[in-house]
Amino acid sequence: MTTNDLIARLSAELKPVSRFAVIRRVLMGLGLSLIASAVLMWMWLGMRADLADAATTMPFWSKFFYTLILAAAATWAVKRIAHPLGSIGVSLGVIAATIVVMIILALVQMAMSPPEEYMAMLKGRSVAVCTFNIVMLSLPLLVGGLWVLRGLAPTRLAVAGAAAGLAAGAIAAFVYSFHCSESAMPFIAVWYTLGVLVPGLIGAITGRYILRW
Amino acid sequence: MHSVETRLKELMLASLAGDARSYGVLLDDVARHLRAYFLRRLADAHKGDADDLVQETLMALHTRRATYEVDRPFTAWLHAIARYKLIDHFRRNRIRATVPLDDVEDLFVQDQSDVTADRMDVERLLQSAPERSRDLIYRTKIQGQSIAEVAQSTGLSETSVKVSIHRGLRAITARLKGHANDDK
């Protein structure tokens, strides 16, 4: 096909494009995978039995807002990196600052507790499964995030994959917080954060291959 | 002033709104820019890929046109896509910017200025020798022929060759000394 034929064909099939097409695709892709991840959590792990009581306590809302802020920042990162020349500096700054605040809160809580409780605060009752469960719940979201980016135009593929992975991890951690009954800040600061970062790493590694266009 | 950026951006905005005519003009214009862009960056052996790259980039522009943000320069967006396609092309075809070691001499410019300057000095100095002895000095001192060879080929006796060379060299020496004096 000659270039002129191609141009004629592309002009013939032109449709108007909304200014919000990119953000709509990001929200739709991640939203659908959020539903998939939530269903998976429900079937596999189940909601915590004491959800109504927990909803009146501080630790529940700490997890809720910690993961929600990370999820929002990482979703914005996916939106930004979907454009050629896109950069995720601002989002990474917000994510880093949020994690730092969480670590400070954890240290404050430890400082107010006797040293013999430190280990219990770090290990809780679910240390063996917390990060693993979050990573599992992030898999449908990672697929969704990478699908979102494949239809757009990221030019730095590893960074784009990392953004999709961080978003997947953060949203999965948000979903998981409705199952998890841990309440100590140090536990959240370590294992939830790891649950966000591991999918980010998986995304960075696979993105280089999966995201090519 | 109606720059390329202003023109193309107007066409792109109209295209995003669904104006097929503007879109055709835009793609036509962009195709020409892209062709020049890729031809400049492909090695001679790969110039044939330029048209494929142009078409691939046009396809990418089309399917991913939603990623153009209207408050940013169009040409920067286009360049980012073209650059991505070019790098992807290099990666897929495992093209590396390498040169075989044998050709490396062609790659670096050699400094010939010393050699050239020396030759000019010699030629200028020879001018100061009597005309008869110039050729003789050149053949014996620079080309390295023997007195006997020169004598034979010029038909002169060996003695007169030697005398002529001697006179010539003396003239040159005088010229050099004169120069040295000038410098003082």
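Residues numbered from 1 in each chain as written. Chains lettered and ligands numbered in written order. Predicted model: local features only at pLDDT ≥ 70, side-chain atom pairs only at ≥ 80, totals over all residues. Heavy atoms only, no water.

Enquirer: How should I be thinking about the overall build of chain B in this particular structure?
Expert: Within chain B, the secondary structure is distributed over nine helices and zero strands. A total of 184 residues make up chain B; the buried ones form 31% of that total. By sequence separation, contacts in chain B at least 24 residues apart represent 56% of the contacts at least 6 residues apart. Accessible area of chain B: about 11900 Å², with a carbon and sulfur share of 52%. (Helix = DSSP H or I, 4+ residues; strand = E, 2+ residues; numbered from the N terminus. Buried < 20%, exposed > 50% of the residue type's maximum accessible area, 1.4 Å probe, protein only. Contact = heavy atoms within 4.5 Å. Areas by Shrake-Rupley, 256 points an atom, 1.4 Å probe, with all protein chains shown as cover.)

Enquirer: How do you make sense of the packing of helix α4 (residues 58-81) of chain A against helix α8 (residues 157-176) of chain A when you look at a structure like this?
Expert: A pair of packed helices is characterised by two quantities: the angle between their axes and the separation of those axes. All names here are of chain A. Look at α4 against α8: their axes get within 8 Å of each other, and the N-to-C directions meet at 155 degrees. As summarised for this structure, α4 and α8 are arranged roughly antiparallel, according to the angle between their axes. The crossing of α4 and α8 is left-handed. Mapping the contact onto sequence places F64, T67, L68, L70, A71, A74, T75, A77, V78 and I81 in α4 and V159, A160, A163, A164, L166, A167, A170, I171, A173 and F174 in α8. (Axes fitted to C-alpha atoms, helices over the stretch in contact; angles between N-to-C directions. Parallel < 35°, antiparallel > 145°, perpendicular 65-115°, else oblique. Left-handed = near helix turned anticlockwise from the far one by under 90°.)

Enquirer: How do you make sense of the pattern of salt bridges when you look at a structure like this?
Expert: Once the charged atoms of two side chains with opposite charge are near each other, the side chains can pair. All names here are of chain B. Under the definition given, this model contains 13 salt bridges over all chains. As a salt-bridge pair, K85 and E56 come within 3.6 Å of each other at their nearest N and O atoms. Here K85 is found in helix α4 (residues 74-92), whereas its partner E56 is found in helix α3 (residues 50-63), with 29 residues between them in sequence. Judged by its relative accessible area of 6%, K85 is buried. Of the charged contacts, one joins R91 and D88 as a salt bridge, the two residues approaching to 3.3 Å between their closest N and O atoms. Placement of the pair is R91 and D88 together in helix α4, with a separation of three residues, close to one helical turn. Look at the salt bridges and you will find they share partners, linking E56, K85, D88, R91 and R92 into a network. (Salt bridge = Lys/Arg side-chain N within 4 Å of Asp/Glu carboxyl O.)

Enquirer: Looking at this model, I keep getting lost on the interface of chain A and chain B. Mind explaining?
Expert: How big an interface is tends to be reported as the loss of accessible area on association of its parts. Listed per partner, the contact involves 33 residues of chain A and 33 residues of chain B. Taken together, both faces of the contact between chain A and chain B bury some 2700 Å²; the carbon and sulfur share is 63%. A salt bridge links K79(A) to E69(B); its shortest N-O distance comes to 3.9 Å. Applying the counting rule to chain A against chain B returns ten residue pairs in polar contact (both at pLDDT 80 or more). Counting residues per element, the ones that place at least two in the side of chain A that touches chain B are α1 (3-12), α2 (21-44) and α4 of chain A. Of the residues forming the side of chain A that touches chain B, the biggest block, seven residues, is contributed by α1(A). Here the side of chain A that touches chain B is built from residues that sort into 18 nonpolar, seven polar and eight charged. (Buried area = accessible area lost by both parts, 1.4 Å probe. Polar contact = N/O pair within 3.5 Å; in protein donor to acceptor, adjacent residues only side chain to side chain. Nonpolar A, V, L, I, M, F, W, Y, C, P; charged D, E, K, R; others polar.)

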